[in-house]
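The primary structure of each chain is shown beneath.
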Amino acid sequence: YPLQHGVYQPHRYESALPENLTTMAEVFNQNGFRTFCHSGHVRFAPQYGHAKGFERFIYRQRDSKNFHIQAIHEAILFLEAHKHEDCFIFIHLLDTHAPFVPINYLNNHMASMHKDFSAYELGKKRGMDSYIEILRNQSQVKLFEVDLALGSLFDYCKQQNWFKNAVFTVTADHGHPY
């Protein structure tokens, strides 16, 4: 846990994983698995030791509306390149974390008529209560987008010989009160 290994709020405490701490990626790697990670947030970045044990670690700070698409595409390419080998894949998505930036086409067609694309920034300045419905709306559209992208990953996996022996774990760091 973060309180045990000391890596949390990196921008505030600037500490890395202890060298003697063995990561899941290292365990998988030592047992013959190919290891891949794609991350887009400073809290899960190579400079804090998170790349330990990963054969391939792609780190790009989230700067676009379709970060999840890039991350999932890279994972599928890795799986395809190593389809006859055991793999451990870790994808750290931040797309469903505020501020939500839905892709315009879906947002224009799925969000309510009362949308404000700068709601998060305005809400920070004026108080979130008046913008909660807008944020809820944008978060639902963003969740739908990420769900579609994850569907493409699972569709790919279902076509592979190893699918029946695969284990998938999906986690989140927190939810939203609304």
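Look up: the structure comes first, before these words.
The rules behind these values
- Residues numbered from 1 in each chain as written.
- Predicted model: local features only at pLDDT ≥ 70, side-chain atom pairs only at ≥ 80, totals over all residues.
- Heavy atoms only, no water.
- Helix = DSSP H or I, 4+ residues; strand = E, 2+ residues; numbered from the N terminus.
- Buried < 20%, exposed > 50% of the residue type's maximum accessible area, 1.4 Å probe, protein only.
- Contact = heavy atoms within 4.5 Å.
- Areas by Shrake-Rupley, 256 points an atom, 1.4 Å probe, with all protein chains shown as cover.
- Pairing = 2+ DSSP bridges.
- Axes fitted to C-alpha atoms, helices over the stretch in contact; angles between N-to-C directions.
- Phe/Tyr/Trp six-rings, centres within 6.5 Å; stacked < 30°, edge-to-face > 60°.
- Polar contact = N/O pair within 3.5 Å; in protein donor to acceptor, adjacent residues only side chain to side chain.
- Salt bridge = Lys/Arg side-chain N within 4 Å of Asp/Glu carboxyl O.
- Core = buried A, V, L, I, M, F, W, Y, C linked by side-chain atoms within 4.5 Å.

Student: Quick question: what am I supposed to make of the overall build of the protein chain here?
Tutor: Regarding its fold elements, the protein chain presents 7 helices and 3 strands. Ordered by position in the sequence, the α and β elements of the protein chain form the string α-α-α-β-β-α-β-α-α-α. Relative to its 178 residues, the protein chain shows a buried fraction of 34%. When contacts within the protein chain are restricted to residue pairs at least 6 apart in sequence, those whose partners lie at least 24 apart make up 62%. Accessible area for the protein chain stands at about 11,300 Å²; split by element, carbon and sulfur atoms hold 54% of it.

Student: Can you help me understand the sheet that holds strand β1 (residues 34–39) in this one?
Tutor: Across a sheet, paired strands are connected by hydrogen bonds in the backbone, their directions being either parallel or antiparallel. Here 3 strands make up an open sheet; going across it, the order is β2-β1-β3 and the pairing parallel. Of all the strands in the sheet, the pair left with one neighbour each is β2 (56–59) and β3 (87–92). The sheet shows a mean angle of 5° between the axes of neighbouring strands, direction not considered. As defined by bridge partners, β1 adjoins β2 across 4 bridges and the pair is classed as parallel. Within the sheet, the bridge partner assigned to Phe36 lies in β2 and is Arg56. Where helix α4 (residues 67–81) meets the sheet, it contacts β1, β2 and β3, and its direction lies at approximately 170° from that of β1.

Student: Looking at this model, I keep getting lost on the packing of aromatic side chains. Mind explaining?
Tutor: In this description, an aromatic ring pair is defined by two values, namely the gap between the centres and the angle between the planes. For the structure on display, the rule yields 9 aromatic pairs. Ring centres 4.9 Å apart and planes at 65° place the aromatic pair Phe28 and Phe33 in the edge-to-face group. Given the relative accessible area of 24%, Phe33 is considered partly exposed. A centroid spacing of 6.0 Å and a plane angle of 15° characterise the contact between Phe54 and Phe88, whose relative ring orientation is stacked. Of this pair, Phe54 sits in the loop between β1 and β2 while Phe88 sits in strand β3, and the two are 34 residues apart along the sequence. Comparing Phe54 with Phe88 shows no difference in burial state: the two are buried. Three or more aromatic residues joined by ring pairs make a cluster, and in this case those are Phe28, Phe33, Phe44, Phe54, Phe57, Phe88 and Phe90.

Student: Where do I start with the side chain of Lys142 in this structure?
Tutor: Examined against the element boundaries, Lys142 turns out to sit in helix α7 (residues 132–158). Here the side chain of Lys142 touches Glu145 through a polar contact of 2.9 Å, side chain to side chain.

Student: Just to check I follow, could you spell out the pattern of salt bridges for this structure?
Tutor: Pairs may arise between side chains of opposite charge once their charged atoms sit close together. Under the criterion given, the structure shown has 6 salt bridges. A salt bridge links Glu85 to Arg34; its shortest N-O distance comes to 2.9 Å. Note that Glu85 is positioned in the loop between α4 and β3 and Arg34 in strand β1, a separation of 51 residues in sequence. The partner of Glu80 in a salt bridge is Lys83, with the nearest N and O atoms 3.2 Å apart.

Student: What's the story with the pairing of β1 in this structure? I'm lost.
Tutor: In the case of a regular strand, side chains alternate between the two sheet surfaces. Along β1, 5 of the 6 residues are buried, which leaves the element largely enclosed by surrounding structure. Bridge count between β1 and β3: 6 bridges; the pairing is parallel. If you follow Ser39 over to β3, its bridge partner there is His92.

Student: It is not clear to me how the nonpolar core should be interpreted in this structure. Could you clarify?
Tutor: Listed in full, the 7 residues of the largest apolar core are Ile72, Ile76, Leu79, Ala149, Leu153, Tyr156 and Cys157. At the level of secondary structure, the elements contributing two or more residues to this core comprise α4 and α7. Other than its neighbours up to four places away in sequence, Ile72 contacts Ile91, Ala149, Leu150, Ser152 and Leu153. Ranked by size, the runner-up nonpolar core spans 6 residues in total, among them Ala25, Cys37, Phe44 and Phe57.

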